[in-house]
Amino acid sequence: QVHLVQSGGGLVQPGGSLRLSCAASGSIFRINAMGWYRQAPGKQRELVAAIPSGGTTKYGDSVKGRFTISRDNAKNTVYLQMNSLKPEDTAVYYCTTTIVVTATLQTREYWGQGTQVTVSS
């Protein structure tokens with residue numbers, strides 16, 4: 001069993017910053033890719049940022065230069081630092097990871113519970 005627990009988020013004024021965290025725990029043999037998606041009301045879920053176990057990070061066009069994804073492999077945690085926030089960044093943010101499960105050595109994708117980010121004055 002694997003669990004993802006998200007923290008961070010909330011209400012912030014335009015131009016402000018927030019940091020999201022997502023910690024994975026449980027029967028983890030190895031974590032491959034980690035990432036963040038978001039979904040605004042009436043819109044499809046979109047990629048915000050992704051970070052592989054090795055290699056280049058990837059960002060959605062709308063957040064490039066403002067958001068930074070990072071990971072702490074020792075803590076099985078992925079972070080999303082969000083700066084210069086805009087009202088259009090308002091959405092529910094979900095973390096996702098691809099994990100090799102210890103018991104079966106199968107690769108599965110897991111999602112966090114989601115956290116609301118609201119950018120408003």
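Check the entry above for the structure.
Residue positions are counted from 1 within each chain, in the order its sequence is given. Whole-chain, interface and lining totals are the exception, using all residues; otherwise, since this is a predicted model, local features are given only for residues with pLDDT of at least 70 and side-chain atom pairs are given and counted only at 80 or more. Just so you know, side-chain values use all the structure's heavy atoms and leave hydrogens and water out.

## So, the pattern of salt bridges
Here, a salt bridge means any side-chain nitrogen of Lys or Arg that lies within 4 Å of a carboxyl oxygen of Asp or Glu. One pass over the full model with this rule turns up 4 salt bridges. Of the charged contacts, one joins D61 and K64 as a salt bridge, the two residues approaching to 3.1 Å between their closest N and O atoms. Of the charged contacts, one joins R66 and D89 as a salt bridge, the two residues approaching to 2.7 Å between their closest N and O atoms. Taken together, the residues span a long stretch of sequence, with R66 in the loop between strand 6 (58–59) and strand 7 (67–72) and D89 in the loop between strand 8 (77–82) and strand 9 (91–101) at a distance of 23 residues. When its relative accessible area of 1% is taken as the criterion, D89 is described as buried. Each of the salt bridges in this network shares a partner with another, and the network as a whole consists of R38, E46, R66 and D89. Helix and strand assignments come from DSSP, with helices taken as H or I runs of at least 4 residues and strands as E runs of at least 2, each series counted from the N terminus. Exposure classes here rest on a 1.4 Å probe applied to the protein chains alone. A residue is buried below 20% of its type maximum, exposed above 50%, and partly exposed in between.

## Comments concerning the sheet that holds strand 3 (residues 18–26)
In spatial order, the strands read 1-3-8-7; together these 4 strands make up an open sheet with antiparallel pairing. Here the strands that pair on one side only, and so sit at the sheet edges, are strand 1 (2–7) and strand 7. On average, adjacent strands in this sheet sit at an angle of 15° to one another, irrespective of strand direction. In this scheme, strands are said to pair when DSSP sees at least two bridges between them. Here strand 3 runs beside strand 8; their pairing, made up of 6 bridges, is antiparallel. For L20, the partnering residue across the bridge sits in strand 8 and is L80. Simply put, an axis is a line fit to the C-alpha atoms, just over the touching stretch for a helix, and the angle between two N-to-C directions goes from 0 to 180 degrees.

## Some points on the environment of V2
Mapping V2 onto the fold places it in strand 1. For V2, a relative accessible area of 8% translates into the label buried. Between the C-alpha atoms of V2 and I69, which are 67 residues apart in sequence, the distance is 22 Å. Excluding residues that lie within four positions of it along the chain, V2 makes contacts with S25, G26, S27, I28, I99 and Y110. By definition, residues are in contact when any of their heavy atoms lie within 4.5 Å.

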